[in-house]
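Chain residues, written in single-letter form:
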Amino acid sequence: SGPALAVLIEETVTLSRRLHAAVEELHGGEAPSGGRRALLRDLARLGPQTVPQLARSRSVTRQHVQALVNPLAKAGYVELLANPAHRRSPLVDLTQRGRELVSGMDRRESEAFSALEVAAPGAELRRAAEVLRSLRESLESPLG
């Protein structure tokens with residue numbers, strides 16, 4: 001499966017770039033940049049998280065996540081809440097404004113993506129998602 005896997009990975013990387021560009025076009029100046037949007041979506045999906053928790057789940061540094069959180073807080077999309085489990089590591093949570101932003105992003109993307117014509121039935125798309133999930137999970141283990 002070596003050559004076939006390499007082709008799948010290359011196509012996935014190319015698709016990722018194209019999806020990123022399409023979503024940037026779709027949202028225009030109405031939504032924060034890609035990394036900030038992803039962080040907002042993580043909070044919407046997972047609920048309040050500390051910066052270290054967000055960093056671990058994204059495989060990035062705490063400093064990187066903090067650099068995403070600060071402008072989102074300044075814009076009123078997230079707030080820092082007292083964390084009963086750790087005094088010095090507040091919980092980052094969506095504000096009402098942040099929840100409304102995520103809802104709008106989800107709605108626009110859902111409408112745009114449902115209009116795409118893909119030459120594959122639903123069962124094939126679900127199988128493709130399973131393969132990509134398996135590949136991602138393999139990459140989450142140490143390589144080598």
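First, a word on scope: everything that follows refers to the structure included in this document. (Residues numbered from 1 in each chain as written. Predicted model: local features only at pLDDT ≥ 70, side-chain atom pairs only at ≥ 80, totals over all residues. Heavy atoms only, no water.)

Some thoughts on helix α3 (residues 51-58)
No. 1: Within α3 the residues assigned to the buried category are Val51, Leu54 and Ala55. Looking straight down α3, one finds that the buried residues subtend no more than 100° of arc, so they occupy a single side.
No. 2: Buried residues along α3 sit in contact with α2 (34-46), β1 (49-50), α4 (62-74) and β3 (91-94). (Buried < 20%, exposed > 50% of the residue type's maximum accessible area, 1.4 Å probe, protein only. Helix = DSSP H or I, 4+ residues; strand = E, 2+ residues; numbered from the N terminus. Arc of directions from axis to C-beta. Contact = heavy atoms within 4.5 Å.)

Some thoughts on unusual backbone geometry
No. 1: You will see that Ser59, though not glycine, has its phi angle at about 55°, which is positive.
No. 2: Checked against the element boundaries, Ser59 lands in the loop between α3 and α4.
No. 3: The exposure class assigned to Ser59 is exposed, which follows from its relative accessible area of 68%.

Here we look at the side chain of Arg37
No. 1: Secondary-structure assignment places Arg37 in helix α2.
No. 2: At a separation of 2.8 Å, a polar atom in the side chain of Arg37 contacts the main-chain carbonyl oxygen of Pro32. (Polar contact = N/O pair within 3.5 Å; in protein donor to acceptor, adjacent residues only side chain to side chain.)

Notes on the pattern of salt bridges
No. 1: As enumerated under the stated definition, the model contains seven salt bridges in all.
No. 2: Across the salt bridge formed by Arg41 and Asp106, the nearest N and O atoms sit 2.8 Å from each other. With Arg41 in helix α2 and Asp106 in helix α5 (residues 96-114), this pair connects stretches of sequence that are 65 residues apart.
No. 3: Arg127 is the partner of Glu130 in a salt bridge, and the nearest nitrogen-oxygen pair spans 3.2 Å. With a gap of three residues between them, Glu130 and Arg127 both fall in helix α6 (residues 122-139), about one helical turn apart.
No. 4: You can call Glu130 partly exposed: its relative accessible area is 41%.
No. 5: Taken together, the shared-partner salt bridges in this structure form one network comprising Arg41, Asp106 and Glu109. (Salt bridge = Lys/Arg side-chain N within 4 Å of Asp/Glu carboxyl O.)

A short note on a nonpolar patch on the surface
No. 1: Together, Leu15, Leu19, Phe113, Leu116, Val118 and Leu125 line one region of the surface with nonpolar side chains, adding up to about 540 Å² of accessible area.
No. 2: As for its position among the elements, Val118 is in the loop between α5 and α6.
No. 3: Classification of Val118 as exposed rests on a relative accessible area of 53%. (Patch = residues over 30% accessible without salt bridge, like charges linked within 9 Å, V, L, I, M, F, W, Y side chains within 5 Å. Areas by Shrake-Rupley, 256 points an atom, 1.4 Å probe, with all protein chains shown as cover.)

Overview of the layout of surface pockets
No. 1: Roughly 1200 Å³ of internal volume is contained in the largest pocket.
No. 2: Residue lining of the largest pocket: 25 residues in total, with Ser16, Leu19, Ala38, Asp42 and Arg136 positioned closest to the centre.
No. 3: Taken together, the elements giving at least two residues each to the lining of the largest pocket come down to α1 (2-27), α2, α3, α5 and α6.
No. 4: Among the elements that take part in the lining of the largest pocket, α2 stands out by supplying eight residues, more than any other.
No. 5: Of the residues belonging to the lining of the largest pocket, the class tally is ten nonpolar, seven polar and eight charged.
No. 6: Taken as a whole, the second largest pocket spans an internal volume of roughly 290 Å³.
No. 7: Every residue along the wall of the second largest pocket is listed here: Leu8, Glu11, Thr12, Leu15, Val118, Ala120, Glu124, Leu125, Ala128, Ala129, Val131 and Leu132.
No. 8: If you list the elements that add at least two residues to the lining of the second largest pocket, you get α1 and α6.
No. 9: In terms of residue count, the dominant contributor to the lining of the second largest pocket is α6 (six residues). (1 Å grid on protein atoms, 1.4 Å probe; cavity = no way out; pocket = protein on both sides within 12 Å on 5 of 7 lines; lining within 4 Å. Points joined across faces, edges and corners; volume = space filled by probe spheres on them. Nonpolar A, V, L, I, M, F, W, Y, C, P; charged D, E, K, R; others polar.)

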